[in-house]
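Chains, contacts and geometry: an overview
Listed below, chain by chain, are the residues.
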Amino acid sequence: MEKTFKYTNIRSKTRIISTSVIFSALAIVLHPPFFPLAIPAPYAPFLIYSLWEIPLIIAFIVFGPLIGIISAFMNSIILYVFFPGSLPVGPFYNLIAIYGMMIGILISYRISQNNSIFSLELKALLAAVVTRTAIMYFVNYVVLPMDFPLGFSVPSEEVSRLLYLISIFNITTTLYTIPIAFMVSKAVSDRLNIKIWN
């Protein structure tokens with residue numbers, strides 16, 4: 001008997017892995033080392049606006065949490081090995097931020113039964129903003145004062161200012177990532193003739 005996965009439309013383990021690899025690869029291609037569209041935040045140039053998180057959210061929206069989670073994890077492993085950035089564990093902090101958005105979307109799905117698509121997307125956006133920002137506020141509060149390679153040894157008197165700037169970054173990143181991901185997800189589902197997971 002064919003096994004049915006609770007949280008995805010795809011039933012084959014092989015297809016789950018291959019789909020996750022595809023979306024992870026798309027995220028890598030859109031990462032700044034390969035894709036030139038990367039904009040430093042004007043209020044904090046060490047924070048970079050880019051598009052690479054969008055394919056991972058699309059994977060979550062179209063195919064469900066399992067593929068979204070796997071895609072994001074694969075992406076983080078690749079970044080950790082090849083493009084860790086200034087902090088070796090930075091890709092895993094990014095992973096937590098992405099999972100934060102996914103948690104927000106999942107919450108919105110659970111409380112938006114029989115709502116319109118617009119209402120669902122709006123709730124998903126607001127929930128993702130709150131969950132990503134709140135989770136990363138706590139994470140950064142803990143790790144910023146830590147020594148390398150876990151943190152940047154930020155003096156305690158500077159932590160509050162950085163938390164404020166990073167929170168702005170997380171809010172604004174989510175505000176464009178989620179709407180774009182939903183728009184592309186609709187196009188993908190129509191093109192592939194599949195039902196968006198919910």
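Use the structure listed above.
Let me sum up the structure you'll find in this document. The shown structure was predicted, so the numbers you read here are calculated from the model rather than taken from an experiment.

So, how was this worked out
- Residues numbered from 1 in each chain as written.
- Predicted model: local features only at pLDDT ≥ 70, side-chain atom pairs only at ≥ 80, totals over all residues.
- Heavy atoms only, no water.
- Core = buried A, V, L, I, M, F, W, Y, C linked by side-chain atoms within 4.5 Å.
- Buried < 20%, exposed > 50% of the residue type's maximum accessible area, 1.4 Å probe, protein only.
- Helix = DSSP H or I, 4+ residues; strand = E, 2+ residues; numbered from the N terminus.
- 1 Å grid on protein atoms, 1.4 Å probe; cavity = no way out; pocket = protein on both sides within 12 Å on 5 of 7 lines; lining within 4 Å.
- Points joined across faces, edges and corners; volume = space filled by probe spheres on them.
- Nonpolar A, V, L, I, M, F, W, Y, C, P; charged D, E, K, R; others polar.
- Patch = residues over 30% accessible without salt bridge, like charges linked within 9 Å, V, L, I, M, F, W, Y side chains within 5 Å.
- Areas by Shrake-Rupley, 256 points an atom, 1.4 Å probe, with all protein chains shown as cover.
- Salt bridge = Lys/Arg side-chain N within 4 Å of Asp/Glu carboxyl O.

Once that is clear, we can look at the nonpolar core. Ranked by internal contacts, the top residues of the largest apolar core, which has 31 residues, are Ile57, Ile61, Ile98, Ile105 and Ile178. Among the secondary structure elements, those contributing two or more residues to this core are α1 (13-29), α2 (54-63), α3 (65-82), α4 (90-111), α5 (117-143) and α6 (156-192). Per-element tally for this core: the top contributor is α2, with 9 residues. Core analysis: the next-biggest nonpolar cluster, separate from the first, contains 12 residues, Ala41, Tyr49, Leu144 and Ile166 among them.

Quick look at the layout of surface pockets now. Roughly 900 Å³ of internal volume is contained in the largest pocket. In terms of lining residues, the largest pocket is bounded by 35 residues, among which Phe46, Leu47, Ser86, Gly90 and Asn94 are the most central. If you list the elements that add at least two residues to the lining of the largest pocket, you get β2 (44-49), α4, α5 and α6. For the lining of the largest pocket, the leading source of residues is α6, giving 7 residues. Taken together, the residues that form the lining of the largest pocket break down as 22 nonpolar, 11 polar and 2 charged.

Moving on: a nonpolar patch on the surface. Side chains of Phe73, Ile77, Ile78, Tyr80, Val81 and Phe82 sit close together on the surface and give an oily, nonpolar patch of about 560 Å² of accessible area. Mapped onto the secondary structure, Ile78 falls in helix α3.

All we've got here are geometric facts, nothing functional implied.
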